[in-house]
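Descriptive analysis of the structure
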Amino acid sequence: SAGVSCSGRELGVEVRDLTHTYAGEQVPVISHLSLSAGPGLTVITGPSGVGKTTLLELIAGLREPTSGEIQAGPAHLVTQRPFLSAGTIRDALTLGRPATDAELWTALRHVSLDGFVAGLPDSLGTSLGDDGFGLSAGQRARLAIARALLSDAPVILLDEPTAHLDGMATTVVHDVIRELSTRHTVIAVTHRSDLVAFADQHVHMARESAEVTR
């Protein structure tokens, strides 16, 4: 049997004997994976193609497991290419939940985008255009992290959150991830050794197995 269930807002993530095979394929991308993640930071590493992004999508409920079980609280997923709806910066930040302008500015300050947004023609009311047109990849990524800061979901899922960032911006986002992990169950796919270094738990996914270290 397979399934994703939620039994309360305070729940972290429990994955039991999870296997997932893409439609039309014979070999599973994830095979018999089990992990437990509570409040704090769990990082997931591994080579390309071992199902790291797929695992986040399964936890978020965007995919159904082929077999096994996932228990997870409501999740906020930040993808490698975050979607930004056509609208204002305020709209993009409040997609997950309503927030006051003061909360928005606080979140933007945490990701060092407050000065950039303040300098735009209409600040928070500036139109982004279709799918964030007009922002760099790094600005999009930090805007998505700001949106995660505003989320009240107990589980935050981050897929390579610093892939498009330079050194200084990476440090800023790592600080935000640390802060998020004090209030949420954070699971982050990463290749950054410095993020692995301050994780509470490290899951390394390989072709045939996953190794969990704390």
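The rules we used
- Residues numbered from 1 in each chain as written.
- Predicted model: local features only at pLDDT ≥ 70, side-chain atom pairs only at ≥ 80, totals over all residues.
- Heavy atoms only, no water.
- Core = buried A, V, L, I, M, F, W, Y, C linked by side-chain atoms within 4.5 Å.
- Buried < 20%, exposed > 50% of the residue type's maximum accessible area, 1.4 Å probe, protein only.
- Helix = DSSP H or I, 4+ residues; strand = E, 2+ residues; numbered from the N terminus.
- Contact = heavy atoms within 4.5 Å.
- Salt bridge = Lys/Arg side-chain N within 4 Å of Asp/Glu carboxyl O.

Let us look at the nonpolar core. Of all hydrophobic cores here, the largest spans 36 residues; its most connected members are L41, L93, L143 and L158. Secondary-structure elements contributing two or more residues to this core are strand 4 (40-45), helix 2 (89-93), helix 3 (101-110), helix 5 (137-150), strand 7 (155-159), helix 6 (167-181) and strand 8 (185-189). Top contributing element to this core by residue count: helix 5, with eight residues. Excluding residues that lie within four positions of it along the chain, L143 makes contacts with L84, I89, A92, L93, L108, L113, L128 and L135. V29, V50, I59 and A72 belong to the second-largest nonpolar core, a separate cluster that totals 22 residues.

Two side chains carrying opposite charge are able to pair once their charged atoms lie near each other. Applying the stated rule across the entire model yields five salt bridges. Residues R16 and E69 are paired through a salt bridge, measuring 3.3 Å at the closest nitrogen-oxygen approach. Highlighted residues: R16 in strand 2 (residues 13-20) and E69 in strand 5 (residues 67-72), separated in sequence by 53 residues. A salt bridge links R63 to E57, with the shortest nitrogen-to-oxygen separation between them at 2.6 Å.

Among the secondary structure elements, T88 is positioned in the loop between strand 6 (75-78) and helix 2. Classification of T88 by relative accessible area gives buried; the value is 17%. In this view, T88 contacts L124, G125, T126, S127 and L128; residues no more than four positions away in its chain are not counted.

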